[in-house]
Amino acid sequence: MYYAKPINGEKGSYYYHVSKVYETFENELKETLKYLTPLLNRCGETPEQYEQKMKIAILMHDFGKLNCNFQEVMRTIIRGEKVNKKYHFRHELLSFYYMLPFADEWKKQKADFGYPLFAVISHHKQIDQRFDSFEREFNKKNWPLLSNEEIEYGCKLLDEYHGIRPQIPLKTESFPLTIKLILENIFSLLSMEERGAFKTISRYDLRLLYAIAKGQLQYCDWMASSEEEIRKYTLTQDELIQRLKKKLEEEGRTYVERPFHKKCAQAQGDVIAIAPTGSGKTEASLLWAAQFDSKKIIFCMPTKVTSNSIYERMKKYYFNPKVCGLSHSGANTYFALQENDALPSFTLLHGKALIPSVMVSTVDQILTSGFNSTLWGLKEYALINSTVIFDEIQSYDTFTLALITQTIKKIKTLGGRVMLMSATFPKFLLKHFQDLLDIEKPIIAEELMDRKSNTWRYIEKNLEDIRDEIEEYLQQGKKVALVVNDIETAKREYDYWHEKNESLRVLCLHSEFTMEDRMKKEALLLEGSKDYQLVIATQVLEVSLDVSFEIMFSECAPIDSLVQRAGRCNRHLEFENSEFIVFDPSEISIKYVYKDSRAILEKTQTILKLKQKKLAEREIIDMIEEVYDGFDIYDENYEEGLQLYQNIADELFIFDLPIDEKLATRRFDIIKVAIIPTIFKEKVEELYAEKEYAKIPLYEVPVTYSKYRRWIAATRVEDEQCPLPFCEVEYSAERGIKYDDSPSII
């Protein structure tokens, strides 16, 4: 028996695995081919040509595993013995070699012939322009080429499923060098230019075709290898309403059909939805999504916290947990903490590749597919006939909005549909997406636009001068939040209130805590805990948490940020006399935090001073329009983002590029560095020794690179046994890191 997997018996056999991959491919082809047809037409390829080429790629992707070295490795692992390194050889390189006769036939067609070969050569390893992943193989003089018997065995599957077998390519004198030259001749941009591949086909389209082929092969291979059935979600609008009613009953509330929900449920095609906080936008988006026979639903969220929250809501109330997936940079750690939700590594990888049929992820996970970064082929493939919901669309800068714009175009190319949701949709943003999606009118929750949640006030004082008023509200037993624009100010305010009254229960929340401490704080807030009287927070409160305060003091920020903060004040209309009180921005805010938005900050101040009253949602939207009147979304950052995907297609084309997702998709002027305070060293060393690597990020603290260089780098503690970023810094769960001298910037 020839093996494909180190499993004794039929399920480890080459025949079993390749047959399973082919069976999966046939099912996938039925679901996806009609949505791929427009892209194939633009690439000069017919659906029939694509199907035939990809069938050969599927049947031959593991052809190289039949070599004697690979078979010895499989038998050794099955026996439980140590593998001799001399037997290691990348099987996909041999698979590519034995597919070359088919490529000679494909060259006679006018369409591109490289994408099925690329799918095979890249379905395991990252491929750069120098093919460094195969350096070991190219340095070997003798390759484990297949014997006639091994070739005949592999060809039986081709005979069975396809009726065509390849002519065996000839070996040359300098075999490894020749294969490398063939790879370069097929895939290098220069070679493709010379053979006229781009004369009638854009590089952007051809790159997407290569990505889809690669992703489809990887998907089918993963499904066959995992032995797990990827279930499709099932949810009708009627079923959703019944589940929503049950959810509300459990919360002690009654279901009332809102006109906004009804309009979303009836909307055909793409949608822009505008509704204030607490209006049930998530459920409205599900009602819209439930009407389509889409391959998957993808929620794109601005933060990890909101992603976790929506994921929990989906699997608890609306879908079978087995169809739900979560993807963001901290997902492994999130699942490692769930005793009943601890997932095997393969399942976690499925989430990262957007494979489950109901996906919740941070927006970065989709946007980075355009950078040819980790799992990019699988992510591009996931967009075929997908229903994608972008929440809090107003929270992104113009650079990221450009990337979202390009991604939406790709979703539409692949037969998908899009909903964009926000409580605040400035006209410049609304017009941009209306033009992009050809939407005549947005769906607006008109029934809620006259709702008045809070009295807005503006105090022309700095933070130190409003402390007496904060204390008055605390003495009245009010639930108070204080939101400032930078971390160090939040820490200093925590110190002030804690030292002033040690019996006062104060909770400090910002991004410079360990993941474990931040999750505990967020859990307290989400539970509505009465263990605190005053919450001091930074911008993390804006779009992260479903919490509600009676009184909120906020340092002045751009109007859209203030509206998001105000959405956490009397969020559920449980308070009669709630207030949202804005005070003057600090010098740090003006010079550093909002240095690129000073004009917007100044206009916000001016307009707020004229709007001091109990504001309706409609009036809040009008304020946003006043502030952003004349704002140009198409600035240099937008243009930079717009060109980025095209530049990747032009310069990198189909080759992989390792890249930091957060840095790539959002214009963070401040790069973050993860450190581990030495008070956690013993605990982290235990986790490292036990190989519980997913839990180590619980003890990491993200700090800006400028802070790291100035205050922390010199405290680095080197440990050869546990090579992690331990630093000798003072840290507490209450306030975070304490620096030797107070930083003057964020």
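Structure: see above.
Criteria and cut-off values
Residues numbered from 1 in each chain as written. Predicted model: local features only at pLDDT ≥ 70, side-chain atom pairs only at ≥ 80, totals over all residues. Heavy atoms only, no water. Pairing = 2+ DSSP bridges. Helix = DSSP H or I, 4+ residues; strand = E, 2+ residues; numbered from the N terminus. Axes fitted to C-alpha atoms, helices over the stretch in contact; angles between N-to-C directions. Contact = heavy atoms within 4.5 Å. 1 Å grid on protein atoms, 1.4 Å probe; cavity = no way out; pocket = protein on both sides within 12 Å on 5 of 7 lines; lining within 4 Å. Points joined across faces, edges and corners; volume = space filled by probe spheres on them. Nonpolar A, V, L, I, M, F, W, Y, C, P; charged D, E, K, R; others polar. Expected span 1.5 Å × (residues − 1). Buried < 20%, exposed > 50% of the residue type's maximum accessible area, 1.4 Å probe, protein only. Patch = residues over 30% accessible without salt bridge, like charges linked within 9 Å, V, L, I, M, F, W, Y side chains within 5 Å. Areas by Shrake-Rupley, 256 points an atom, 1.4 Å probe, with all protein chains shown as cover. Salt bridge = Lys/Arg side-chain N within 4 Å of Asp/Glu carboxyl O. Lys, Arg positive; Asp, Glu negative; His and termini not counted. Charge placed at Lys NZ, Arg CZ, Asp CG, Glu CD. Arc of directions from axis to C-beta. Parallel < 35°, antiparallel > 145°, perpendicular 65-115°, else oblique. Phe/Tyr/Trp six-rings, centres within 6.5 Å; stacked < 30°, edge-to-face > 60°. Lys NZ or Arg CZ within 6 Å of the ring centre and 35° of its normal.

Focus on the sheet that holds strand β9 (residues 480-483)
- Ordered by their spatial adjacency, seven strands build an open sheet running β10-β11-β9-β12-β13-β8-β14, and the pairing between neighbours is mixed. With partners counted over all chains shown, the strands left at the sheet margins are β10 (506-509) and β14 (614-616), one partner each. In this sheet, adjacent strand axes meet at a mean angle of 25 degrees when their direction is disregarded.
- Relative to strand β11 (residues 534-537), β10 runs parallel, the two being bridged by four bridges. The residue bridging Leu 507 from the neighbouring strand is Val 535, located in β11.

Quick notes on the sheet that holds strand β15 (residues 672-677)
- Strand order in the open sheet formed by four strands is β16-β15-β18-β17, with mixed pairing between adjacent strands. Where the open sheet ends on each side, the last strands, each with one partner, are β16 (701-704) and β17 (716-717).
- Across two bridges, the pairing between β15 and strand β18 (residues 726-727) is parallel. Bridge pairing in β18 places Ile 676 opposite Phe 726.
- The strands that helix α31 (residues 705-712) touches are β15, β16, β17 and β18; relative to β16, the one it contacts most, it runs at about 90 degrees.

Brief notes about the environment of Cys 508
- With respect to the helices and strands, the residue Cys 508 is situated in strand β10.
- For the pair formed by Cys 508 and Ser 361, sequence separation is 147 residues and the distance between their alpha carbons is 27 Å.
- Not counting chain neighbours up to four residues away, the residues in contact with Cys 508 comprise Ala 490, Tyr 494, Phe 513, Lys 521, Ile 536 and Glu 734.

A look at the layout of surface pockets
- By volume, the second largest pocket amounts to about 570 Å³.
- What lines the second largest pocket is a set of 30 residues, and nearest its centre among them are Arg 90, His 91, His 123, His 124 and Lys 125.
- Where the lining of the second largest pocket is concerned, the elements lending two or more residues are α3 (68-78), α10 (203-226) and α16 (345-352).
- A per-element tally of the lining of the second largest pocket places α10 first, with five residues.
- When grouped by side-chain class, the residues that make up the lining of the second largest pocket number twelve nonpolar, ten polar and eight charged.

Focus: helix α19 (residues 398-413)
- Taking 1.5 Å per residue as the helical rise, α19 with its 16 residues ought to reach 22 Å, and the 23 Å between its terminal C-alpha atoms agrees with that figure.
- In terms of burial, α19 is largely enclosed, as 14 of its 16 residues are buried.
- One or two positions beyond α19, positive phi appears at Gly 415, with a value near 80 degrees.

Side note on a negative patch on the surface
- A cluster of acidic residues, Glu 464, Asp 465, Asp 468 and Glu 472, forms a negative patch at the surface.
- The topology assignment puts Glu 464 in the loop between β8 (452-459) and α21 (467-475).

Some details on α21
- Those residues of α21 lying buried are Arg 467, Glu 469, Ile 470, Tyr 473 and Leu 474. Buried residues along α21 cover an arc of 160 degrees about the axis, so they all sit on one side. Every exposed residue of α21 that faces more than 90 degrees away from the buried side is listed here: Asp 468 and Gln 475.
- Contacts from the buried residues of α21 go to β8, β9, α22 (487-500), β11, β12 (551-555) and β13 (579-583).
- Once α21 finishes, Gly 477 follows within two positions and takes phi at roughly 80 degrees, a positive value.

Regarding the packing of helix α11 (residues 237-250) against helix α14 (residues 304-318)
- α14 packs onto α11 with a crossing angle of 105 degrees between their chain directions and a minimal axis gap of 10 Å. Considered as vectors, α11 and α14 are oriented roughly perpendicular to each other. Between α11 and α14, the residues in contact are Leu 240, Arg 243, Leu 244, Lys 247 and Glu 250 and Arg 313, Tyr 317 and Tyr 318, respectively.
- When its residues are assigned to classes, the contact of α11 with α14 shows four nonpolar, no polar and four charged.

A closer look at the packing of aromatic side chains
- Under the criterion given, the structure shown has 37 aromatic pairs.
- Pairing Phe 131 with Phe 655 gives two aromatic rings, centres 5.9 Å apart and planes at 80 degrees, and the pair type is edge-to-face. You can see Phe 131 sitting in the loop between α5 (115-121) and α6 (135-138) and its partner Phe 655 sitting in the loop between α28 (636-652) and α29 (661-665), a full 524 residues away along the chain. Comparing Phe 131 with Phe 655 shows no difference in burial state: the two are buried.
- Judged by centre distance (5.3 Å) and plane angle (75 degrees), the rings of Trp 288 and Phe 292 are edge-to-face. Each member of the pair, Trp 288 as well as Phe 292, is classed as buried.
- An aromatic cluster is defined as three or more aromatic residues linked by ring pairs; in this entry it consists of Phe 63, Phe 89, Tyr 97, Tyr 98, Phe 134, Phe 138, Trp 143 and Phe 175.
- Sitting over the face of the ring of Tyr 645, Lys 410 holds its NZ or CZ atom 5.3 Å from the ring centroid.
- We note Lys 681 situated over the ring of Phe 726; from NZ or CZ to the ring centre the distance is 5.1 Å.

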